[in-house]
There are 4 protein chains.
Amino acid sequence: MSHAINSEMQSCINACNRCHQTCLHEAMTHCLESGGKHVAPDHMRLMLNCAEICQTSANFMLSNSSLSSQVCRVCAEVCDACAKSCEQVGDMDECINTCRECADSCHQMADTYIH
Amino acid sequence: MSHAINSEMQSCINACNRCHQTCLHEAMTHCLESGGKHVAPDHMRLMLNCAEICQTSANFMLSNSSLSSQVCRVCAEVCDACAKSCEQVGDMDECINTCRECADSCHQMADTYIH
Amino acid sequence: MSHAINSEMQSCINACNRCHQTCLHEAMTHCLESGGKHVAPDHMRLMLNCAEICQTSANFMLSNSSLSSQVCRVCAEVCDACAKSCEQVGDMDECINTCRECADSCHQMADTYIH
Amino acid sequence: MSHAINSEMQSCINACNRCHQTCLHEAMTHCLESGGKHVAPDHMRLMLNCAEICQTSANFMLSNSSLSSQVCRVCAEVCDACAKSCEQVGDMDECINTCRECADSCHQMADTYIH
């Protein structure tokens, strides 16, 4: 894009974007179609909350917000909680990996740009 | 607000907003906690799709978009489909009423501002 | 709604909702049409970032998320920054008041439900 | 992802996603920092409306919604309008291309899955 985003931030935007897509898609297809533990209220909430905060976090970075690091920090926390919930439910390996990668990237962003 | 929105549009924004809140809240609490037919994939998808398009529709009107009527038209269609799904599931009266009111208001907006 | 939200949380949802609507509407009408200081990059970013995090914060509470307080905390911080930016720009009184009310309500929520 | 999305839909999700990111980023950096015609109310509204409907359209497809084609149709219309606005403003080549690609992909999706 014409106003270059530095490579660390671009990589965090991509991680948030992947995590948003994976959590939303898995919740709305795999989890709903599997039923049982996959539709436990706390698990479904975390999946959809994680999708939403990843979207918000990416949008803050894309808009060059001076408050991105604070949103990245809470995004990392939600991703960590979602990864744990996926481990307990089982059969959610792709989601676990995507959440962990996003949590790592967001923690890094939050620590780099401390305000 | 300082740039006045006419009363018909304000009433449509309010209807979209109520419908967004009701569908999201009912899906994430009542439906997930009830289980059974309430978490059928097609029903949960419609509830959450409806919440999202209502939010988008309200945001278009709030931003004074020249394309609001087109978004209102598809919003009305999603609300109608969600109301029907709620009837089939049962025990979703509040959501049915809110979706129907929003569908009516959005149909009216779409017909008033034809581009 | 059928799954009652306690009155403190409902009041915070309402504050976030009002702040989302006011910031989005004022940015997209009053600020864009006034030009000058009203479209300074940092001011417009804060207005639109504030609208977005308020929407996310309301959505977390509506979905009964266990991580709402963390999102409320960052929402309060963004609202405070937006109120300050509005003071510097001038002619943004409604937005200042709405942002401050939302910041207060979100700070309270964040302190009440500490995880 | 584990529940495979067919390649045509995946390509439309990717186009919406690129268009969301480009419009949001360009509006919040290039347009705001350039000023002048770049911050004309109608142009900024179209840029941000386009970003939002692309996000919604991608989310409908990711959630396997039966109403995706209707949202894709309105998304195509908003992308076309945004591309035209970018042409009139000038110096918005990347955004023009991304909007046109997204409009094409969304028109195709809308025509393929007619309900």
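These numbers come from a predicted model, not from an experiment.

Visitor: When you look at the overall build of chain A in this model, what are you seeing that I'm missing?
Guide: Tallying secondary structure elements over chain A gives four helices and zero strands in all. In terms of overall dimensions, chain A is globule-like: its C-alpha atoms have a radius of gyration of 14 Å, near the 13 Å expected for 115 residues. Projected onto its principal axes, the C-alpha positions of chain A cover 45 × 25 × 20 Å. Counting over 115 residues, chain A shows a buried share of 63%. If you take every contact in chain A between residues at least 6 apart in sequence, the share linking residues at least 24 apart comes to 71%.

Visitor: For this particular structure, what's the right way to read the interface of chain C and chain B?
Guide: Note on interface size: it is often stated as the accessible area lost on association of the parts. The interface is formed by 23 residues belonging to chain C together with 23 residues belonging to chain B. Roughly 2,200 Å² is buried in total at the junction of chain C and chain B, and carbon and sulfur atoms are behind 51% of that figure. Where chain C meets chain B, there are zero salt bridges. The interface formed by chain C and chain B contains six residue pairs in polar contact (both at pLDDT 80 or more). Grouping the amino acids of the side of chain C that touches chain B by side-chain chemistry returns six nonpolar, 14 polar and three charged.

Visitor: Explain helix α3 (residues 68-89) of chain D here, please?
Guide: Think of an α-helix as turning once every 3.6 residues; residues three or four places apart then point the same way. Taking 1.5 Å as the rise per residue, α3 of chain D with 22 residues should run 32 Å; its terminal C-alpha atoms sit 31 Å apart, in good agreement. Where α3 of chain D terminates, the next one or two residues include Gly90 of chain D, which has phi positive at roughly 85 degrees.

Visitor: Even after reading the chapter, I still don't get the relation of the copies chain D and chain A, so can you show me in this structure?
Guide: For the pair chain D and chain A, the best superposition has an RMSD of 0.0 Å and corresponds to a rotation of 180 degrees with a translation of 0.0 Å parallel to the axis. Read as a symmetry element, the transformation amounts to a two-fold axis. In this assembly the copies share their binding face: 100% of the residues contributing to the interface of chain D also contribute to that of chain A.

Visitor: Teacher, can you tell me more about the relation of the copies chain C and chain B here?
Guide: What relates the pair of chain copies is a rotation about an axis plus a shift along that axis. Once turned by 180 degrees and shifted 0.0 Å along the axis, chain C lies on chain B with an RMSD of 0.0 Å. Here 100% of the contact residues of chain C are again contact residues in chain B; the copies associate through an equivalent surface.

Visitor: For this particular structure, what's the right way to read unusual backbone geometry?
Guide: Of all residues except glycine, most have a negative phi; of all peptide bonds, most are trans. Residue and element names in this part refer to chain D. The phi angle at Asn64 is positive, at roughly 60 degrees, despite the residue not being glycine. Along the chain, Asn64 falls in the loop between α2 (41-62) and α3. You can call Asn64 partly exposed: its relative accessible area is 38%. Positioned with a positive phi, Asp91 is a non-glycine residue whose angle comes to about 60 degrees. Considering the arrangement of structural elements, one finds Asp91 in the loop between α3 and α4 (93-112). Residue Asp91 is classed as exposed on the basis of its relative accessible area, which comes to 56%.

Visitor: Looking at this structure, how should I read the side chain of Glu52 of chain D?
Guide: Here Glu52 of chain D is to be found in helix α2. Once you skip the residues sitting within four places of it in the chain, Glu52 of chain D turns out to touch Gln55, Thr56, Asn59 and Phe60 of chain B.

Visitor: Explanation requested: the interface of chain D and chain A in the structure shown.
Guide: Each partner contributes to the interface: chain D provides 23 residues, whereas chain A provides 23 residues. Between chain D and chain A lies a buried interface of about 2,200 Å² when both sides are counted; carbon and sulfur atoms form 51% of it. Where chain D touches chain A, the interface holds zero salt bridges. Where chain D meets chain A, there are six residue pairs in polar contact (both at pLDDT 80 or more). The set of elements that each furnish at least two residues to the side of chain D that touches chain A consists of α1 (7-34) and α2 of chain D.

Visitor: Just checking my understanding: could you explain the environment of Asp42 of chain D for this structure?
Guide: Residues and elements named next belong to chain D. With respect to the element layout, Asp42 can be found in helix α2. The class of Asp42 is exposed, set by a relative accessible area of 55%. The spatial distance from the C-alpha of Asp42 to the C-alpha of Ser7 is 35 Å, given a sequence separation of 35 residues. Among the polar contacts listed, one links the side chain of Asp42 to the side chain of Arg45, at a separation of 3.2 Å.

Visitor: Could you clarify how one ought to interpret the pattern of salt bridges in this entry?
Guide: Close approach of charged atoms allows side chains of opposite charge to pair. Summed over the entire model, instances satisfying the criterion amount to 20 salt bridges over all chains. Arg100 of chain A is paired through a salt bridge with Glu87 of chain A; the nearest N and O atoms lie 2.5 Å apart. Of the two residues, Arg100 of chain A is situated in helix α4 (residues 93-112) and Glu87 of chain A in helix α3 (residues 68-89); the sequence distance between them amounts to 13 residues. Note on Glu87 of chain A: relative accessible area 45%, which makes it partly exposed. Of the charged contacts in the structure, one is a salt bridge between Arg45 of chain D and Asp42 of chain D, with a shortest N-O distance of 3.2 Å. In this pair, Arg45 of chain D and Asp42 of chain D are both assigned in helix α2, three residues apart and thus about one turn of the helix distant. A relative accessible area of 8% places Arg45 of chain D in the buried class. It is possible to trace a salt-bridge network through shared partners that takes in Glu33 of chain A together with Asp42 and Arg45 of chain B.

Conventions used here
- Residues numbered from 1 in each chain as written.
- Chains lettered and ligands numbered in written order.
- Predicted model: local features only at pLDDT ≥ 70, side-chain atom pairs only at ≥ 80, totals over all residues.
- Heavy atoms only, no water.
- Helix = DSSP H or I, 4+ residues; strand = E, 2+ residues; numbered from the N terminus.
- Rg over C-alpha atoms; globule rule 2.2 N^0.38 Å.
- Buried < 20%, exposed > 50% of the residue type's maximum accessible area, 1.4 Å probe, protein only.
- Contact = heavy atoms within 4.5 Å.
- Buried area = accessible area lost by both parts, 1.4 Å probe.
- Salt bridge = Lys/Arg side-chain N within 4 Å of Asp/Glu carboxyl O.
- Polar contact = N/O pair within 3.5 Å; in protein donor to acceptor, adjacent residues only side chain to side chain.
- Nonpolar A, V, L, I, M, F, W, Y, C, P; charged D, E, K, R; others polar.
- Expected span 1.5 Å × (residues − 1).
- Least-squares fit on C-alpha atoms with pLDDT ≥ 70 in both.

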